[in-house]
Amino acid sequence: MKVLLNSDGSVCSTLNLVGYGDVNGHVNEGILREGKAALNKELNNESNNQKSYKLDVETTDERATWGSPREFLLSCISMSVGLGNIWRFPFTAYENGGGAFLIPYLVVLFFIGKPLYFLEMAMGQFSSYGSVKIWEVAPIVKGIGYGQAFATWCVVTYYTSLMALVSFYFIASFQSPLPWTYCDPVWADEKCVDSTMNLTNSSIFGKSESPSDQYFRRNVLQQIENIDDGIGAPEWRLTVCLLFSWTVIFLILAKGVSSSGKAAYFTALFPYVVLLCLLVRGVTLPGAYEGIMFYITPQWDKILEAKVWYAAVTQCFFSLSVSFGPIVMFSSYNNFKRPIYRDSLIITFMDTGTSLLAGVTIFAILGHLAHELDVDITKVVKGGTGLAFISYPDAIGKTDIAPQVFALSFFLMLFTLGVGSASSLAGCVITVINDDFPQWKKWKITAVVSVIGFACGLVYVTPGGQYILDLVDYFGGGFIIFVMAILQTFAVSWIYGYKKLIRDIYFMLGNKLSVYWIIEWGFFIPISLFVIFVYSLFNYEPLKIGDNYMPASATAAGWVLTLIAVSQIPIWAFIAVRKQTGNTLFEKLKNACKPTKEWGPKNPSERQDWVQHCQKNEIDTGDNSLDFYFYQRWYQWNQRHYVVNE
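Residues numbered from 1 in each chain as written. Predicted model: local features only at pLDDT ≥ 70, side-chain atom pairs only at ≥ 80, totals over all residues. Heavy atoms only, no water.

## Section: the overall build of the chain
Definition in use: Secondary structure follows DSSP: runs of H or I at least 4 residues long count as helices, runs of E at least 2 residues long count as strands, and numbering of each begins at the N terminus. Contact criterion: two residues are considered in contact whenever any of their non-hydrogen atoms come within 4.5 Å of each other.
When you go through the chain residue by residue, the secondary structure sums to 22 helices and five strands. In the chain, of all internal contacts separated by at least 6 residues, the share reaching a separation of at least 24 is 80%.

Structure, rendered in structure tokens:
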């Protein structure tokens, strides 16, 4: 802040001269309002009546906020409810015990997912910072924020490539008949068998292949069998669709929360309209009941398998987007007193409910497909992108009434879900940059990020792109997030301190949290995640392409991604310690673990109230004195920092 003084030495009345200290007694933004008169008096005593001064004290520009509370809630729902709810959750549940999978999933959701969601919301709203700047709370672990940002970037680059595939299918859905319902000689080979024929188990699912399968692999992806000789050049049609996807993301994020908040009304609500329509249609089809029962019938023997619990955690993280950064970013634009505990309950409930609803819808339609083909349902169920681009389009193609309408609705829903999640992830990266460089225009940062994201995404629209996608998803979005989540909860609970955390949340929300939250954040979450992570390391297997393992060079590249993210922690820890004052290394380490002068509520009046709250609660806050005498002396001792304009 530049404090301008009149020629008579008084402070300009047009300026709101407000300043505060932090809980460690640092000067943060200027001089206290109560000291304005004393400061003017001191200046008037000087013989500088013909000069104007500038007090160079850094302050923070007012942060943008949501247009309405609904925009925040809908944006979080749009972020959490994404493509993973539609194709990842149903197949993961089916693969890991069907209805029995819901038990470990709900346990993980309530005891890990929801507490982490609330923690990230609280930290973001309290500080009004993004996922990197928030680590002013403990500078020694600032690398967690950069590691999360890197993982988020990895995910958003391949997420937009999935949106490109959805865009391609949406455009293709205008054709009649739908192009994946018959074997086109342009892309089909001798193994392709028209799905309109009366087929048996041996004919279509033996050596032969369905048109929807070949259409996806041979026409859309133009997929190669392996990447031993490279991944090939980008496919031009998918490149155009990728460009379109990033253009939509840019338009949503260019004006910050003022534009993304408005877009959330559509991206959060429209998918439910389509999903409910598809559900009503799906459950009325022949064979739907068998498909739904196949989905929800529990396989109790799997509930004790460690891999099922590992799958539950990964699904929960992927679905809720915890430890990626967008939750912190969204809540940082909130009003300081917003009741986010209620929001976290609503969002986690909506996310789980959507996953269950999507599972019933998907398996109802797959049950109908199995009924039409007179085969076992296991023969029509495919995981991942295969469910969205092979199994489901095949089922839509067999709809008697207006298949184009169902196809357009389904792929528009997928694109909307993708936009909601991808814009949140990209917005997180943009906020990280904007927090570090607030002088840069938001739309310019968004434009640069979009261009770089498009360039990175080209690797996924090559003939070998799907293999790279699997690689980046596994190493860039899986391993990294486990490590960051463990370190995040440990750092907040034990470096900053769970007592201070509980104190800050009480000040912000007026709710004094019980010992349950201390146990969750301080013990249960970091220990349980660490155990699961160690289990995953012991059971690690290199990724495969079909029945063959990926090339060693590809696997090595995956580990490099993980190393880049994890290495941020020691790098930024070294930088933080190096910046500290102290005579010994121990003193510097200790100071690097303390909050900086920038930690705390961003609003000046709330910051002052917070410091008083800290003093009242007496929780190891250090020197919290706000005696203006200190600031008077500080002003006198630092006159050399004033710039005199003749």
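There's more to say after this.
## Focus on the packing of helix α4 (residues 102–127) against helix α17 (residues 465–509)
To be explicit about the condition: Here an axis means a line fitted to C-alpha atoms, over the contact stretch when the element is a helix, while the angle between two N-to-C directions is reported on a 0 to 180 degree scale. For classification purposes, an angle smaller than 35 degrees is called roughly parallel, one larger than 145 roughly antiparallel, one from 65 to 115 roughly perpendicular, and anything else oblique. Helix crossings get a hand from a simple test, with the near helix turned counterclockwise from the far one by less than a right angle marking a left-handed crossing and a clockwise turn marking a right-handed one. Three residue categories are used. Nonpolar comprises Ala, Val, Leu, Ile, Met, Phe, Trp, Tyr, Cys and Pro, charged comprises Asp, Glu, Lys and Arg, and polar comprises the others, including Gly.
Between α4 and α17, whose axes approach to 11 Å, the crossing angle comes to 65°. Considered as vectors, α4 and α17 are oriented roughly perpendicular to each other. In the packing of α4 onto α17, the handedness of the crossing is left-handed. Residues L116, F118, L119, E120, A122, M123, Q125 and F126 of α4 lie in contact with α17, whose contacting residues are Q488, T489, V492, L501, D504, I505, F507, M508 and L509. For the contact of α4 with α17, the residue count by class is 12 nonpolar, three polar and two charged.

## Comments concerning the state of the cysteines
Applicable threshold: Put simply, a disulfide is two cysteine sulfurs that come within 2.5 Å. Classification of residues uses two cut-offs on accessible area relative to the type maximum, computed with a 1.4 Å probe and protein chains only: under 20% is buried, over 50% is exposed, and between them is partly exposed.
Taken as a whole and assessed by the stated rule, the structure comprises one disulfide. Here C183 pairs with C192 through a disulfide, and the sulfurs are 2.0 Å apart. Here the disulfide of C183 and C192 is left-handed, its torsion about the S-S bond being about -85°. Taking the relative accessible area as the measure of exposure, C192 reaches 12% and is therefore buried. Free cysteine: C154, not disulfide-bonded; nearest cysteine sulfur from C456 at 9.1 Å.

## Describing helix α13 (residues 340–373)
Put simply, the rule is: By definition here, a helix of n residues has an expected span of 1.5 Å times n minus one.
Look at α13: 49 Å from first C-alpha to last across 34 residues, which is about the 50 Å you get at 1.5 Å a residue. One or two positions beyond α13, positive phi appears at D374, with a value near 60°.

## A look at empty space enclosed by the protein
Stated formally: Points on a 1 Å grid, built from protein atoms alone, make a cavity when a 1.4 Å probe fits but cannot get out and make a pocket when they are open with protein on both sides within 12 Å along at least 5 of 7 lines; residues with an atom within 4 Å of a point are the lining residues. Grid points are joined across faces, edges and corners, and a volume is the space filled by probe spheres set on the points.
Overall, the coordinates contain nine cavities of 30 Å³ or more when judged by the stated rule. In this structure, the largest cavity encloses a volume near 130 Å³. Surrounding the largest cavity, 14 residues form its lining, M79, Y159, F318, S321 and S421 being those nearest its centre. Among the secondary structure elements, those contributing two or more residues to the lining of the largest cavity are α2 (69–80), α3 (83–95), α5 (143–172), α11 (306–320) and α15 (403–436). For the lining of the largest cavity, the residue count by class is seven nonpolar, seven polar and no charged. Estimated volume of the second largest cavity: approximately 100 Å³. Going through the elements one at a time, α2, α8 (236–253), α9 (257–283) and α15 are the ones with two or more residues in the lining of the second largest cavity. It is α9 that provides the largest number of residues to the lining of the second largest cavity, a total of four residues. Classifying every residue of the lining of the second largest cavity by side-chain character gives five nonpolar, seven polar and no charged.

## What to know about the side chain of S331
Topologically, S331 is positioned in helix α12 (residues 326–331). For S331, a relative accessible area of 0% corresponds to the buried category. Once you skip the residues sitting within four places of it in the chain, S331 turns out to touch F72, E120, M121, G124 and Q125.

## Some remarks on the packing of aromatic side chains
Under the convention used in this document: Two aromatic rings, drawn from Phe, Tyr or Trp (for Trp, its six-membered ring), form a pair once their centres lie within 6.5 Å of each other, and the interplanar angle then sorts them: stacked below 30 degrees, edge-to-face above 60, tilted otherwise.
Considering all chains together, one arrives at 51 aromatic pairs under this definition. Here the aromatic rings of Y158 and Y460 are separated by 6.4 Å at their centres, their planes lie at 75°, and the arrangement is edge-to-face. Separated by 302 residues along the polypeptide, Y158 in helix α5 and Y460 in the loop between α16 (442–457) and α17 bring together distant segments of the chain. Measuring from ring centre to ring centre gives 5.4 Å for Y540 and W559, while their planes differ by 65°; the resulting arrangement is edge-to-face.

## Comments concerning the confidence of the model for the chain
Under the convention used in this document: On a scale of 0 to 100, pLDDT captures the predictor's confidence in every residue.
In this model, the chain carries a mean pLDDT of 81, and residues with pLDDT of at least 70 account for 84%. This model gives residues 1–60 a pLDDT under 50, and the stretch forms 156 contacts once residues within four places in sequence are excluded. Below pLDDT 50 for its whole length, residues 620–646 participates in 60 contacts with residues either more than four positions away or in separate chains.

## Notes on α9
As a reminder of what qualifies: Bend angle per residue: angle between axes fitted to the 7 residues ending at that residue and the 7 residues starting there.
In a regular helix each residue adds 1.5 Å, so 27 residues correspond to 39 Å; α9 covers 39 Å between its end C-alpha atoms and thus fits that length. Of all the bends in α9, the largest measures some 35° and sits at A263.

## As for unusual backbone geometry
Comment: phi is negative for the bulk of residues other than glycine, and the bulk of peptide bonds are trans. At the junction of S176 and P177, the peptide bond is cis and its omega measures out at 0° in the coordinates. Summarising the element assignment, P177 is placed in the loop between α5 and α6 (201–204). For S323, which is not glycine, the phi dihedral falls at a positive 70°. Position of S323 relative to the elements: it lies in the loop between α11 and α12.

## Points about the pattern of salt bridges
To keep it simple, the criterion reads: Whenever Lys or Arg places a side-chain nitrogen within 4 Å of a carboxyl oxygen from Asp or Glu, that contact is recorded as a salt bridge.
Under the counting rule described, the total for this entry stands at nine salt bridges. The partner of E136 in a salt bridge is K133, and the shortest N-O contact between them spans 3.7 Å. A residue is classified by how much of its surface remains accessible, and E136, at 8% relative accessible area, is buried. Residue D343 pairs with R338 through a salt bridge whose shortest N-O separation is 2.6 Å. Relative accessible area serves as the criterion here: at 0%, D343 is assigned to the buried category.

## Considering the environment of D228
Here D228 shows up in the loop between α7 (211–220) and α8. Assessed through its relative accessible area of 55%, D228 is described here as exposed. The sequence separation of D228 and S553 amounts to 325 residues, and the corresponding C-alpha distance is 9.2 Å.

## A closer look at the environment of N511
Its location among the elements puts N511 in the loop between α17 and α18 (515–538). Contacts of N511, omitting those with residues within four sequence positions, involve I505 and Y506.

## A word on the side chain of S75
As for its position among the elements, S75 is in helix α2. Residue class for S75 comes out buried when judged on its relative accessible area of 4%. Excluding its chain neighbours within four sequence positions, the residues that come into contact with S75 are W66, S260, G261, A264, F330 and S424.

## Some remarks on the environment of L561
Of note, L561 is situated in helix α19 (residues 552–579). Judged by its relative accessible area of 19%, L561 falls in the buried class. As a C-alpha pair, L561 and C154 span 407 residues in sequence and 8.8 Å in three-dimensional space. Once residues within four sequence positions are removed from consideration, L561 is found in contact with F150, V472 and I480.

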